[in-house]
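Working through the structure, step by step
Each chain is listed here by its residues.
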Protein chains: 2
Amino acid sequence: MSVKTYIESNKDRFIEELFSLIRIPSISAKQEHKPDMEACAKRWTELLLAAGADKAVVMPTEGNPVVYGEKMISQDAPTVLVYAHYDVMPAEPLELWKSQPFEPEIRDGRIWARGADDDKGQAMMQVKGFETALNLDLLKCNVKFIFEGEEEIGSPSLEDFCRTHKELLKADVILVSDTSMVSAETPSLTTGLRGLAYWEIEVTGPNRDLHSGHFGGAVANPVNVLCKLMADITDADGRITIPGFYDDVEEVSPAEREMIAQIPFDEAKYKAAIGVDELFGEKGYSTLERNSCRPSFDICGIWGGYTEEGSKTVLPSKAYAKVSCRLVPHQDHSKISKLFEDYIASVAPAYVKVKVTPKHGGQGYVCPIDMPAYKAAEEAVAVAFGKRPLAVRRGGSIPIIATFEQVLGIKTVLMGFGLEQNAIHSPNESCTLDFFYKGIESVAEFYKRFN
Amino acid sequence: MSVKTYIESNKDRFIEELFSLIRIPSISAKQEHKPDMEACAKRWTELLLAAGADKAVVMPTEGNPVVYGEKMISQDAPTVLVYAHYDVMPAEPLELWKSQPFEPEIRDGRIWARGADDDKGQAMMQVKGFETALNLDLLKCNVKFIFEGEEEIGSPSLEDFCRTHKELLKADVILVSDTSMVSAETPSLTTGLRGLAYWEIEVTGPNRDLHSGHFGGAVANPVNVLCKLMADITDADGRITIPGFYDDVEEVSPAEREMIAQIPFDEAKYKAAIGVDELFGEKGYSTLERNSCRPSFDICGIWGGYTEEGSKTVLPSKAYAKVSCRLVPHQDHSKISKLFEDYIASVAPAYVKVKVTPKHGGQGYVCPIDMPAYKAAEEAVAVAFGKRPLAVRRGGSIPIIATFEQVLGIKTVLMGFGLEQNAIHSPNESCTLDFFYKGIESVAEFYKRFN
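Residues numbered from 1 in each chain as written. Chains lettered and ligands numbered in written order. Predicted model: local features only at pLDDT ≥ 70, side-chain atom pairs only at ≥ 80, totals over all residues. Heavy atoms only, no water.

1. As for the UniProt feature "domain: Peptidase M20 dimerisation" (unreviewed entry) in chain A
When the UniProt feature table is mapped onto this chain, "domain: Peptidase M20 dimerisation" (unreviewed entry) is found at residues 191–351 of chain A. The distance from the first to the last C-alpha atom of residues 191–351 of chain A is 47 Å, and the span holds 31% helix and 20% strand. (UniProt positions renumbered as here; feature names shortened; annotations may be inferred. Helix = DSSP H or I, 4+ residues; strand = E, 2+ residues; numbered from the N terminus.)

Rendered as structure tokens:
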């Protein structure tokens, strides 16, 4: 039986299995979902065993548990370690969803749900691709699975887990499906990722909310101050002003810039898709460079003062922001984190108190395109998608990829099947059925080639 | 019977009557409290009649109703119009209250509740002072009462109400208790108020929240942009940069600056009371000038992006702020509102959409200190507080005071009994019992003198 035929005959079951995972709202950012994390991990062990793993267990960590599974073929065969995550982003703002985020629906050839792509959908492509290869007797390597439940909050427990279970996780290459392709027409493999640093900022002014009439003009307003602090972090050219921030940035080589310029990119379409009239970013770089090879600074959330209905006049006591920088290869996230803290401390005025709390961070990553596993992935995707995939750098961060390299000494091949229009992290996340099945096919074809 | 004795013999009833008003959560900023507005207005009519008014009715407006009451002594006597408001500010953040905002408590010689001072407490001093004067046969003028239910949202219906009921509201002077004294040791009467302009700002970037890894650096973040817009409104000297903003500002005369410098003011105490290490405001002016005679710009509220637990990486679609300027005499709030809108339109970058919605506004006010009613108030306060009150300008806004002058042609005497430590508009609003009774006494003594 061919790979395509096997997938075709099992496709409804594959969808049902995916839906059983999606229905568990495994939101790692919220404490109230702790039981869902456990339930989701347990469900994965059942699915791994059903797919043909010899073994699948839930292993505790300091935080949410890790799912570990394996299928050992032979001591002499190479080993692939498949990494994925079973946690998802919060679904807010809920009112913007056209169907319930945790009640998956199929409409217009797409699966609509939180996690349809990131990363339950893509993790399922890995497991069903493995099942397909195994049942068609194509598998020529050992396969280990490690699915974590804290990727969306920065994988705080996984590094320790890797250090503790180095032997268990021993492998020749790591395979990850958690990235996107350039477009439906331009299949691609991700060969670079940005790093990340994240901070929470709290600005405290007066010890209580004050009447803005009685105090306004005489007492510093912490929201005004926060806005000034945030405004000063980037200049008019879109560059980050923190001293030393660019010191370690890998400058994009002319050769790579030329390659990037060849990626099909329709700026008008890009703008229309996200509904903006103009783009803005660092002066001197193209959009594709800005969102993949250059660092960025984004305020992910801000709040303070009166935010309800009506117009309350108040000089608030507190203002908050959640901010992050995407980093590029050679920028060390702990170093950047420290630079940021030092910078804010140096510019914070004496009339407010400013507290910076570093949150999760991660290093960037570059994948060598001459690795056997990369070659196998490239050919596999070419078979499933009918076109040789481009090697491209992407702007997202999977900090754990750099950690795997440091702790386990293993390189990763990023074999992702997402698309920008899948709206991961946003309301109405989705994944096309077409890509879901082509992803499974690609993984099966990978196993056919990798030995 | 003396005024003091009358108050002493009725003090428990006065408190009970005040509590019956406070228990009605008449929050004008929230639609859900519509029934409470009606209930509070009705309660006031009962209390006015019980205090000795000939008549007290609830009169409809486009918004919340107005309470009108009157006691007519003689056609030949002068008439005082007492203005107050029965609506209160929202009580959020609720978790900071030591007792329930709408369940008044007496602790440490203070009444603790939303509205204990602003303005249920002070309005009650007026009505109980009136009752005292009437029952002791001291009243030598006609008294009219107009209590509105929309002061905290900018009195949107009161101007129309005044225009429609000009004859009914005819009076020689307006008496208002809705301001504060300099301190418990320094009684004062307010002779100037700041004006107000208020706007809501909405910045829209992409049409949905985006993944900050995939788009960050290439697409303008509306929170980043909002912070820049807000930051640019004031400069390093604390001055507002909007072109034309200071054109009509009345410069404080050297004589008045000298008078202000004589107001007892302990900067160390002031800072300690609000818990800040340093003060910040417009260069070249003292704190008391900054918060009374100089305009200010405050962000009253800001929000956008992810503001819940955890560290979500997102490039948000929208960012919002509620902002206000306190204005000083001669600054016209509609002109300033237009200047602000034009300024934002002129600086808003093309990569976001910026919408400015003007909310309520009001003009500043100055009270002549040679009016007979001002003299009567000055003497009355001197009797009750044992010290001649200072004439001072304050930083708050009661926009309707300027409207009264324009529409009804009547000047107002601001006979306020608040104190900064009463924390109006904040959690744990309070009023001392001492001031509550002295306020009543002052009002009764006012009526004894005014004819």
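Once you've had a look at it, read on.
2. Observations regarding the interface of chain B and chain A
The interface is formed by 89 residues belonging to chain B together with 89 residues belonging to chain A. In this structure, the connection of chain B to chain A is made through 2 salt bridges. The residue Lys 30 of chain A makes a salt bridge to Glu 308 of chain B at a minimum N-O spacing of 3.4 Å. Elements supplying a minimum of two residues to the side of chain B that touches chain A: β9 (195–204), α5 (212–215), α6 (222–231), α8 (267–274), α9 (287–290), β10 (296–305), β11 (318–327) and β12 (353–362) of chain B. It is β10 of chain B that contributes the most residues to the side of chain B that touches chain A, 10 residues altogether. Of the strand pairs in this sheet, strand β10 (residues 296–305) of chain A and β10 of chain B are connected by 5 bridges, and their pairing is antiparallel. (Contact = heavy atoms within 4.5 Å. Salt bridge = Lys/Arg side-chain N within 4 Å of Asp/Glu carboxyl O. Pairing = 2+ DSSP bridges.)

3. Regarding the packing of helix α1 (residues 3–22) of chain A against helix α13 (residues 433–449) of chain A
All names here are of chain A. Contact geometry for α1 and α13: axes closest at 10 Å, N-to-C directions at 120°. Considered as vectors, α1 and α13 are oriented oblique to each other. Viewed along their axes, α1 and α13 form a crossing whose handedness is right-handed. The segment α1 lies against α13, with Val 3, Lys 4, Ile 7, Lys 11, Phe 14, Ile 15 and Leu 18 engaging Leu 433, Phe 436, Tyr 437, Ile 440, Glu 441, Ala 444 and Glu 445. (Axes fitted to C-alpha atoms, helices over the stretch in contact; angles between N-to-C directions. Parallel < 35°, antiparallel > 145°, perpendicular 65-115°, else oblique. Left-handed = near helix turned anticlockwise from the far one by under 90°.)

4. Section: the nonpolar core
Ranked by size, the top nonpolar core spans 94 residues in total, and within it Trp 44, Phe 147, Phe 436, Phe 446 and Tyr 447 of chain A carry the most contacts. Not counting residues within four places of it along the chain, the set of residues in contact with Tyr 447 of chain A comprises Val 80, Val 82, Gln 126, Gly 129, Phe 130, Ala 133, Leu 138, Leu 139, Lys 140, Cys 141, Val 143 and Leu 175 of chain A. Counting 93 residues, the second-largest nonpolar core is a separate cluster that includes Ile 111, Leu 134, Ile 410 and Phe 435 of chain B. (Core = buried A, V, L, I, M, F, W, Y, C linked by side-chain atoms within 4.5 Å. Buried < 20%, exposed > 50% of the residue type's maximum accessible area, 1.4 Å probe, protein only.)

5. Comments concerning the environment of Ser 26 of chain A
Residues and elements named next belong to chain A. Topologically, Ser 26 is positioned in the loop between α1 and α2 (34–51). Overall, the relative accessible area of 0% leaves Ser 26 in the buried class. Through-space distance from the C-alpha of Ser 26 to that of Gly 115 is 9.3 Å; in sequence the pair is 89 residues apart. What Ser 26 contacts, discounting residues up to four positions off in sequence, is Asp 36, Met 37, Cys 40, Tyr 86, Asp 87, Val 88 and Lys 120. In this structure the side chain of Ser 26 is engaged in a polar contact, spanning 2.8 Å, whose partner is the backbone oxygen of Tyr 86. (Polar contact = N/O pair within 3.5 Å; in protein donor to acceptor, adjacent residues only side chain to side chain.)

6. As for the relation of the copies chain B and chain A
With an RMSD of 0.1 Å, the fit of chain B onto chain A corresponds to turning through 180° and sliding 0.0 Å along the axis. When the rotation and shift are considered jointly, the pair of chain copies conforms to a two-fold rotation axis. The residues that chain B uses at the interface reappear at the interface of chain A in 100% of cases, marking a shared surface. (Least-squares fit on C-alpha atoms with pLDDT ≥ 70 in both.)

7. Some thoughts on the packing of helix α3 (residues 120–135) of chain B against helix α13 (residues 433–449) of chain B
Residues and elements named next belong to chain B. One can describe the packing of α3 onto α13 by two numbers: an axis separation of 7 Å at closest approach and a directional angle of 45°. As far as their axial angle goes, α13 and α3 are oblique. Note that α3 runs across α13; the crossing there is right-handed. Contact residues: Gly 121, Met 124, Met 125, Gln 126, Lys 128, Gly 129, Phe 130, Thr 132 and Ala 133 in α3; Phe 435, Phe 436, Gly 439, Ile 440, Val 443, Ala 444 and Tyr 447 in α13. Among the residues forming the contact of α3 with α13, the class breakdown is 10 nonpolar, 5 polar and 1 charged. (Nonpolar A, V, L, I, M, F, W, Y, C, P; charged D, E, K, R; others polar.)

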